[in-house]
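Next come the chains, spelled out residue by residue.
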Amino acid sequence: MAPVRVTSRFMDGGVQTPQVMVFDTVLNEDSRMLNKPVFGYLTDDNDDDTKYPFIITFSHNIGDFDWGGYAEDGLVTSTNILQHVIQVGEFFTRFEIDNGETYEYTYCITEINALCNH
């Protein structure tokens, strides 16, 4: 098992945007994430260096985001990332339900860096 930092970019119409999602996780031997809490952050589309921290907890292969104080009332966010192999070029989706409206955001993994060399 290897702890890694994963960087991914939001895709809009097949084009990478400046919005970045970064998270730390542990991968098992087949490069899939362990079913353990994940800590990370999301940036805005603009370059103002604002970071929105989150924790993802998993249940039944779906990850539920906890945005802490940044979540708006009625916002529910989840991801299907636990169902994917963690490798550069892999796509995953973040889903949001905001006051009854559903949104999907596709991300592409762009970097995977080891957190230690043990």
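You'll find the structure just up there.
Enquirer: Describe the overall build of the protein, naming the residues involved and giving the relevant values.
Expert: A count of helical and extended segments in the protein gives zero helices and eight strands. Helices (α) and strands (β) of the protein occur, in sequence order from the N terminus, as β-β-β-β-β-β-β-β. The C-alpha radius of gyration of the protein comes to 14 Å, within 12% of the 13 Å expected for a compact globule of 118 residues. On the principal axes, the C-alpha backbone points of the protein span a range of 45 × 30 × 25 Å. The buried share of the protein, taken over its 118 residues, is 35%. For the protein, long-range pairs separated by at least 24 residues make up 36% of all intrachain contacts whose partners lie at least 6 apart in sequence. Total accessible area computed for the protein in this model is approximately 6,900 Å², and 48% of it derives from carbon and sulfur atoms. Charge separation in the protein, taken as the distance between the mean sites of 6 positive and 19 negative side-chain charges, equals 9 Å.

Enquirer: How would you explain unusual backbone geometry if you had to name every residue and give the values?
Expert: Note on backbone geometry: most residues besides glycine have negative phi, and most peptide bonds are trans. The backbone of S31 shows a phi angle near 65 degrees, a positive value even though the residue is not glycine. One non-glycine residue with positive phi stands out, namely N99, at about 50 degrees. Relative to the helices and strands, N99 is located in the loop between strand 7 (91-98) and strand 8 (101-114). You can call N99 exposed: its relative accessible area is 61%.

Enquirer: Quick one: what's the story with the nonpolar core, residue by residue and with numbers?
Expert: Within the largest apolar cluster, 20 residues are counted, with the highest numbers of intra-cluster contacts made by M21, F23, M33 and F54. The residues contacting M33, other than those within four sequence positions of it, are F23, T25, V26, L27, V38, F58, I81, L82 and I86.

Enquirer: Summarise the sheet that holds strand 1 (residues 2-12); cite the residues concerned and give the values.
Expert: The strand order 1-2-3-4-5-6-7-8 describes a closed barrel built from eight strands, whose pairing is antiparallel. Geometrically, the sheet is characterised by an average inter-axis angle of 30 degrees between neighbouring strands, direction not taken into account. Bridging between strand 3 (residues 38-43) and strand 4 (residues 51-59) involves six bridges; their strand directions are antiparallel. Each bridged residue has a counterpart across the sheet, and for Y41 the counterpart in strand 4 is P53.

Enquirer: With reference to specific residues and values, describe the side chain of E96.
Expert: Mapped onto the secondary structure, E96 falls in strand 7. A polar side-chain atom of E96 sits 2.4 Å from a polar atom in the side chain of R94. Once residues within four sequence positions are removed from consideration, E96 is found in contact with L75, V76, T77, E101, T102, Y103 and Y105.

Procedures and definitions
Residues numbered from 1 in each chain as written. Predicted model: local features only at pLDDT ≥ 70, side-chain atom pairs only at ≥ 80, totals over all residues. Heavy atoms only, no water. Helix = DSSP H or I, 4+ residues; strand = E, 2+ residues; numbered from the N terminus. Rg over C-alpha atoms; globule rule 2.2 N^0.38 Å. Buried < 20%, exposed > 50% of the residue type's maximum accessible area, 1.4 Å probe, protein only. Contact = heavy atoms within 4.5 Å. Areas by Shrake-Rupley, 256 points an atom, 1.4 Å probe, with all protein chains shown as cover. Lys, Arg positive; Asp, Glu negative; His and termini not counted. Charge placed at Lys NZ, Arg CZ, Asp CG, Glu CD. Core = buried A, V, L, I, M, F, W, Y, C linked by side-chain atoms within 4.5 Å. Pairing = 2+ DSSP bridges. Axes fitted to C-alpha atoms, helices over the stretch in contact; angles between N-to-C directions. Polar contact = N/O pair within 3.5 Å; in protein donor to acceptor, adjacent residues only side chain to side chain.

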